[in-house]
Amino acid sequence: MSNQLHDRFNLIYSGTTAYTLEPIVTNGQPARSLTFNRNSGDIILNADGVRVRQAAQGVVRVYGIMGIISLSTSDYLVLITGRERRTNFMGHDIYQATDFQVIPIDNNQQPREHPAERHLIALVNAHLASGMFWFSYTWDITRRLQAHWVSAAADAGKALWETADDRFFWNKYLQSRLIDITASNPDQNLSPYILPVMYGTFDLQHTSINGKPFTFALISRRSRYRAGTRYFRRGIDDSGHVANFNETEQVVLYEPSSSGLPRTNNSGQKQIQLSYVQIRGSIPLFWAEINTLRYKPDLSIMDLPNANEALHKHLDEITRVYGSQTFVNLVDQKRHEQPIKEAYDRAMAGANRQDVRYQYFDFHNECKGMRYDRISKLTDMLEEDLARKGWFYYDTSESRPKKIQLGTVRTNCMDNLDRTNVVQTHMARYTLDKQLRDIGILTNKEDTIDNHPQFLSVFRIMWSNHADWIANAYAGSGAMKTDFTRTGKRTQQGNLEDGYKSVTRYIKNNFFDGPRQDGFDLMTGAWTPRRGTSSAMALIVDRRPLFIRSMPHILAFSIFMILCGLTLPRTSGLSLKWYFIFWSSLVFLSLWFIRAHGIEYVNWPRLNPPVDVIYYKGPGFRKHRNGMGFPLEWLNKLTGGKGRQAGQWIQQSQGKLKAMAAHKLEEIEMGTKKAHAKKD
């Protein structure tokens, strides 16, 4: 049986007993259909020629299997039911998934109506609706060009799922059951049904410089390990995986003998392929920023016994995959970010790796006054490093590449978004000038892409869109500083837009990111549910004390009463005075209480609540412990030592809150918490 992926199916409903996926074949070759038995749960690859009689209703067009996910009462088949062909890359069609359908394999309807099960299904659907999922039936979209060439001989005859980069095979956890069946039974080879999907971006434009047409592409691939949202996934885990790890590949495809637009198919002509790869990822330490409803979260750095081991695992992996590394750190050396910068300095000095260079660049100080052109100082510092690492250069008319990229620049700031985007764009532009000179598109050393406004606009727009897509996936808003990326200038309008994005991030990160993080954990296998609806009730029941839960309602009602008071007749100024004093006092006290207990009002993830991080008291650094209740030392000072009874009451209340936090840890028992997604 061929390993070639099927690109279209009919999903046929056989009553309540089975689903069958029947490939739509256009080349006349026989194809084996796949049946999901809804009574036994078995997955069976049917014999050649076995067809299912299609009913008048109950047939759905399907373009791929995302996988199978187990929830608290049933297993569900996740199908791609909508796709958009976005481009053709080296003769391979690239698609973006646009619509999905989640259908239960179990035919028992009643448990699926349970509120907790519906909540989990909603998390799955929200994740599918908000993500950017890419796939190809004929090209391994998870790997960069150089990796394709290096393993070409070893990959011959293998299915796409077997060659896919484990980190960027986003749905590998969902596909694990189909992979296990394929690995255990040669007759049940489900490879034509196992579609690797990438979470990231894929942008391609046909353009030209000096009358020479070429294809310019920008691809980003997001790791499925330690995946999540801005404040709920920071730093490193025990396995050496870091949060918000992205690989960005800039590609140039050029046919020297071509005239007019570059070809999009395999024409057999000589083609030059250029690839330049950069990576980004969270600072590889155990650290977090803890939401407290304040604009600046509490910074916490945890000096755990295995911190050095985790760092070395991270360094070992990326040097094995990419070669030598240059770590560029862009965090501030003052104020809020200073402690993490200093901890990072110490960790990298202690690592003492010959294959890793650590370079600090004070981005905000160097570029203050909107002078982002000063980033060129960084490339000057790294000039020898960049030259030594190089890029991938392959001429298809020759048997071997002319150049191999020997290492990457790994850039980070606090979020690995805004500052990182600006620096990566500059690095890409710096390298692209050299690449285009190397292949003769730019004619001399003085000629740069700055001299070609039409292409420069394409370059800037693609990198700005790339920055926005990555930022939306992690932080919930577009990237900041993109006015510089798009136009080459920092503007006051850009500052205003950044202010709007900051407010958007604050609101989303504090009040909406909990369910988003749950979606990431559920879909990547960082958390798996146990069967049974009773244990799943913890997902939908708010166990905070009633007094805590009531405070936002008191605040809202008090504001409402003040607004109502503005419409009352002014028959008695004195009565209105005390009316407004009373309700204004309630507004002030409720706001004060909410601010003091801010942690209780953050929308935290429920599947893997970070209680161990929030209440961490071990060695490390934490300047503030905001949002954890009223500080008793302050209360005694305010009352001259007479606040003992009030202090005792507050201690009891805060003890209940900590007990609630302990209960949140127990909530994990309804499922299985994993350090990272399943890795085969």
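Computed from a predicted structure; not experimentally measured.

Asks: I keep staring at the nonpolar core and nothing clicks. Help me out?
Replies: For soluble globular proteins, the rule of thumb is that nonpolar side chains tend to be buried together. Residues Leu285, Trp287 and Ile340 are the most contacted members of the largest nonpolar core, which totals 47 residues. Breaking this core down by element, the ones donating at least two residues are β13 (272–280), β14 (287–290), β15 (298–302), α6 (307–322), α7 (338–351), α16 (546–565), α17 (573–596) and α18 (611–614). For this core, the leading source of residues is α7, giving six residues. Not counting chain neighbours up to four residues away, the residues in contact with Ile340 comprise Ile283, Leu285, Trp287, Leu299, Ile301 and Met414. Grouped together as the second largest cluster of nonpolar side chains are 39 residues, Leu274, Ile441, Phe459 and Met462 included.

Asks: Mind showing me how you'd approach the packing of aromatic side chains here?
Replies: How two aromatic rings sit relative to each other is set out by the distance from centre to centre and by the angle between their planes. Taken as a whole and assessed by the stated rule, the structure comprises 32 aromatic pairs. Residues Phe588 and Trp592 carry aromatic rings whose centres are separated by 6.5 Å and whose planes lie at 15° to one another, so their mutual orientation is stacked. One end of the pair is Phe588 and the other is Trp592, both in helix α17 and four residues apart, which spans about a single turn. Overall, Phe588 belongs to the exposed group, its relative accessible area being 55%. Since its relative accessible area comes to 37%, Trp592 is described here as partly exposed. Over the ring of Tyr199 we find Arg222, and its NZ or CZ is 5.3 Å from the ring centre. Lying across the ring of Trp578, Lys577 places its NZ or CZ 5.8 Å from the centre.

Asks: Even after reading the chapter, I still don't get the pairing of strand β11 (residues 212–222), so can you show me in this structure?
Replies: On any regular strand, side chains alternate: one points to one face of the sheet, the next to the other face. Of all the 11 residues making up β11, 10 are buried; the element is thus mostly covered by neighbouring parts of the structure. Direction of pairing for strand β10 (residues 198–209) relative to β11: antiparallel, over a ladder of 10 bridges. By the bridge assignment, Gly200 is partnered in β11 with Arg221. From the end of β10 to the start of β11, which pair antiparallel, there are two residues, and Asn210 there has a positive phi angle of about 55°.

Asks: How should I be thinking about the packing of α6 against α7 in this particular structure?
Replies: Between two packed helices, both the angle of their axes relative to each other and the distance between the axes serve to describe the pair. Two elements in contact, α6 and α7, have axes separated by 11 Å at closest approach and are oriented at 70°. Taken together, the axes of α6 and α7 lie roughly perpendicular to each other. The handedness of the crossing between α6 and α7 is right-handed. Judged by residue contacts, Leu311, His312 and Leu315 of α6 engage Ala347, Met348 and Ala351 from α7. Of the residues contributing to the contact of α6 with α7, the split by class is five nonpolar, one polar and no charged.

Asks: I tried to follow the sheet that holds strand β5 (residues 59–62) on my own but got confused; where do I start?
Replies: In any sheet, the strands associate via hydrogen bonds between backbone groups, in a parallel or an antiparallel arrangement. Strand order in the open sheet made by the five strands is β4-β3-β2-β1-β5, with antiparallel pairing throughout. Single-partner strands in this sheet number two, and they are β4 (43–45) and β5. Each adjacent strand pair in this sheet contributes to an overall mean axis angle of 20°, direction not counted. Here strand β1 (residues 9–14) pairs with β5 via four bridges, running antiparallel. Looking at β5, one finds that Ile12 is bridged to Val59.

Asks: Where do I start with a nonpolar patch on the surface in this structure?
Replies: A contiguous nonpolar surface patch, about 360 Å² in accessible area, is contributed by Val503, Ile507, Phe511 and Phe512. Relative to the elements of secondary structure, Phe511 occurs in helix α14 (residues 492–511).

Asks: Help me out: how do you make sense of helix α5 (residues 172–184) in this one?
Replies: Residues lying three or four places apart along an α-helix face the same way, a consequence of the helix completing one turn every 3.6 residues. Its 13 residues place the ends of α5 17 Å apart at the C-alpha level, agreeing with the 18 Å of an ideal helix rising 1.5 Å per residue. A maximum bend of about 35° is found in α5 at Leu178. All of the buried residues in α5 are Lys172, Tyr173, Leu174, Gln175, Ser176, Leu178, Ile179, Ile181 and Thr182. Its buried side turned inward, α5 meets β4, β6 (64–70), α4 (160–163), α15 (513–524) and β20 (527–529).

Conventions adopted
- Residues numbered from 1 in each chain as written.
- Predicted model: local features only at pLDDT ≥ 70, side-chain atom pairs only at ≥ 80, totals over all residues.
- Heavy atoms only, no water.
- Core = buried A, V, L, I, M, F, W, Y, C linked by side-chain atoms within 4.5 Å.
- Buried < 20%, exposed > 50% of the residue type's maximum accessible area, 1.4 Å probe, protein only.
- Helix = DSSP H or I, 4+ residues; strand = E, 2+ residues; numbered from the N terminus.
- Contact = heavy atoms within 4.5 Å.
- Phe/Tyr/Trp six-rings, centres within 6.5 Å; stacked < 30°, edge-to-face > 60°.
- Lys NZ or Arg CZ within 6 Å of the ring centre and 35° of its normal.
- Pairing = 2+ DSSP bridges.
- Axes fitted to C-alpha atoms, helices over the stretch in contact; angles between N-to-C directions.
- Parallel < 35°, antiparallel > 145°, perpendicular 65-115°, else oblique.
- Left-handed = near helix turned anticlockwise from the far one by under 90°.
- Nonpolar A, V, L, I, M, F, W, Y, C, P; charged D, E, K, R; others polar.
- Patch = residues over 30% accessible without salt bridge, like charges linked within 9 Å, V, L, I, M, F, W, Y side chains within 5 Å.
- Areas by Shrake-Rupley, 256 points an atom, 1.4 Å probe, with all protein chains shown as cover.
- Salt bridge = Lys/Arg side-chain N within 4 Å of Asp/Glu carboxyl O.
- Expected span 1.5 Å × (residues − 1).
- Bend = angle between axes of the 7 residues up to and from the residue.

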